[in-house]
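Next come the chains, spelled out residue by residue.
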Amino acid sequence: MFATLSSPLFLTAWASGTATGLGLFAVVGAQSAFILRQGLMRAHLLSVVAICALIDAIFIFASVSGLQALTAWFPWLTTAVLWFGVAFLTWYALQSARRAWTATGGLAAARDVVPSRRAAMLGALGFSLLNPHFWLDMVVVGSLAHGFDDARMAFAAGAFTASLLWLAVLGIGSRLFARFFASASAWRVLDGVIAVVMAGLAISLAVKGV
């Protein structure tokens with residue numbers, strides 16, 4: 001039997017899941033950088049955030065329900081995702097570096113080259129599902145949740161709450177900081193930082209995979 005919503009065990013598990021989720025998700029990694037850039041351009045931000053939230057919901061609860069067993073049965077999945085992630089992050093790092101090198105306009109110019117909704121949503125999918133850190137986070141969530149026995153789904157709910165909070169911070173934050181990106185130099189700095197972050201993640205993953 002699962003713990004009831006009002007039980008102390010449920011509340012403890014939910015709070016622990018929220019704290020764990022914030023510790024895992026509240027970092028400026030590949031997905032966060034992508035969302036920030038989409039928000040600054042006001043390029044289908046709600047669609048991107050919705051896709052990320054949906055993916056998090058599916059895989060957080062799936063990890064608690066036994067996603068770890070899948071990777072145990074098919075260990076090659078971990079390696080495949082890792083190298084796909086390296087390739088994807090390297091590609092995006094190069095794209096960001098190119099934008100940082102060639103940018104000549106500010107926020108208005110960036111909005112003139114807004115990607116389609118489909119491209120933005122595919123990007124959100126890629127930065128989630130092709131990111132090995134995403135899968136590692138899911139494994140951690142699933143492992144910790146099982147320490148709460150009947151309240152493990154409450155732990156998952158807490159982790160998803162943390163995901164929603166962080167996505168909201170990214171979305172709102174990108175709107176608040178939009179005025180600072182009116183100049184081309186600010187965009188070049190942002191894209192340069194994103195390029196370094198993506199390249200660093202790709203290199204660290206490649207080293208782990210060797």
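Source: prediction; values computed, not measured.

S.K.: Whenever I open this one, the side chain of D56 confuses me. Can you help?
M.R.: With respect to the secondary-structure elements, D56 resides in helix 3 (residues 45-73). You can call D56 buried: its relative accessible area is 5%. Side-chain polar atoms of D56 contact the side chain of S163, separated by 2.5 Å. The residues contacting D56, other than those within four sequence positions of it, are F134, F160 and S163.

S.K.: Whenever I open this one, the UniProt feature "transmembrane region" (unreviewed entry) in the protein chain confuses me. Can you help?
M.R.: Summarizing the sequence annotation, UniProt attributes the feature "transmembrane region" (unreviewed entry) to residues 12-36, 43-67, 73-94, 119-136, 156-177 and 189-207 in the numbering used throughout. Between the C-alpha atoms that bound residues 119-136 the distance is 26 Å, and the span itself is 89% helix and 0% strand. For residues 156-177, the helix share is 95%, the strand share is 0%, and the end-to-end C-alpha distance is 31 Å.

S.K.: Just checking my understanding: could you explain a nonpolar patch on the surface for this structure?
M.R.: A cluster of nonpolar side chains, contributed by I172, L176 and F177, occupies part of the molecular surface with about 330 Å² of accessible area. By the secondary structure assignment, L176 is in helix 8 (residues 152-176). Looking at L176, the relative accessible area reads 57%, which means it is exposed.

S.K.: Looking at this structure, how should I read helix 6 (residues 117-129)?
M.R.: Every α-helix winds through 3.6 residues per turn, so residues three or four apart in the chain are directed the same way. Helix length check: helix 6 (13 residues) gives 18 Å between terminal C-alpha atoms against 18 Å at 1.5 Å per residue, within 8%. For helix 6, the set of buried residues is A120, G123, A124, G126, F127 and S128.

S.K.: Which parts of the structure should I look at to understand the packing of helix 7 (residues 132-145) against helix 8?
M.R.: The geometry of helix 7 relative to helix 8 is characterised by a closest axis approach of 9 Å and an angle of 145° between their N-to-C directions. In this structure, the crossing between helix 7 and helix 8 has a hand that is right-handed. Along its contact with helix 7, which presents V141, L144 and A145, the element helix 8 presents R152, F155 and A159. Taken together, the residues that form the contact of helix 7 with helix 8 break down as 5 nonpolar, no polar and 1 charged.

S.K.: Would you mind going over the side chain of D137 with me for this structure?
M.R.: Within the secondary structure, D137 is located in helix 7. Exposure remark for D137: the relative accessible area of 16% places this residue in the buried category. The contacts of D137, once residues within four sequence positions are left out, are L24 and F25.

S.K.: Even after reading the chapter, I still don't get the packing of helix 1 (residues 8-25) against helix 7, so can you show me in this structure?
M.R.: Any two packed helices are characterised by the angle at which their axes cross and by the distance between the axes. Where helix 1 meets helix 7, the closest approach of the two axes is 11 Å, and the angle between their N-to-C directions is 165°. Viewed along their axes, helix 1 and helix 7 adopt a mutual orientation that is roughly antiparallel. Handedness of the crossing formed by helix 1 with helix 7: right-handed. Along its contact with helix 1, which presents T20, L24 and F25, the element helix 7 presents D137, M138, V140, V141 and L144. In terms of residue class, the contact of helix 1 with helix 7 is built from 6 nonpolar, 1 polar and 1 charged.

Basis of the calculations
Every chain is numbered on its own, with residues counted from 1 as its sequence reads. In keeping with the predicted nature of the model, local features appear solely for residues at pLDDT of at least 70, side-chain atom pairs appear and are counted solely at 80 or more, and the whole-chain, interface and lining totals rest on all residues. For side-chain calculations, the full set of non-hydrogen atoms in the structure is used, while hydrogens and water are omitted. In this description a helix means any DSSP run of H or I spanning at least four residues, a strand means any run of E spanning at least two, and both kinds are numbered starting from the N terminus. Think of it in three bands: residues with accessible area under 20% of the maximum for their type are buried, residues over 50% are exposed, and the middle band is partly exposed, with areas taken using a 1.4 Å probe on protein chains only. In the analysis that follows, any N or O atom pair within 3.5 Å is treated as a polar contact, provided that within protein one partner can donate a hydrogen and the other can accept it, and provided that, for residues neighboring in sequence, both atoms belong to side chains. Throughout, a contact is declared for two residues whenever any of their heavy atoms are within 4.5 Å. UniProt positions are given in the numbering used here, feature names are shortened, and annotations may be inferred rather than shown by experiment. Patch definition: residues with relative accessible area over 30% and no salt bridge; like charges joined within 9 Å; nonpolar side chains (Val, Leu, Ile, Met, Phe, Trp, Tyr) joined within 5 Å. Working definition of accessibility: Shrake-Rupley area with a 1.4 Å probe, residue cover restricted to the visible protein chains. For this analysis, a salt bridge means a side-chain nitrogen from Lys or Arg found within 4 Å of a carboxyl oxygen belonging to Asp or Glu. Here the expected length of a helix is defined as 1.5 Å per residue gap, with one fewer gap than residues. Helix axes are fitted only over the stretch in contact, all axes being lines through C-alpha atoms; the angle between N-to-C directions runs from 0 to 180 degrees. Helix crossings fall into two classes, left-handed where the near helix is turned counterclockwise from the far one by less than a right angle and right-handed where it is turned clockwise. Any residue that is not Ala, Val, Leu, Ile, Met, Phe, Trp, Tyr, Cys, Pro, Asp, Glu, Lys or Arg is counted as polar, Gly included; the first ten are nonpolar and the last four charged. Angle categories: roughly parallel below 35 degrees, roughly antiparallel above 145, roughly perpendicular from 65 to 115, and oblique for all the rest.

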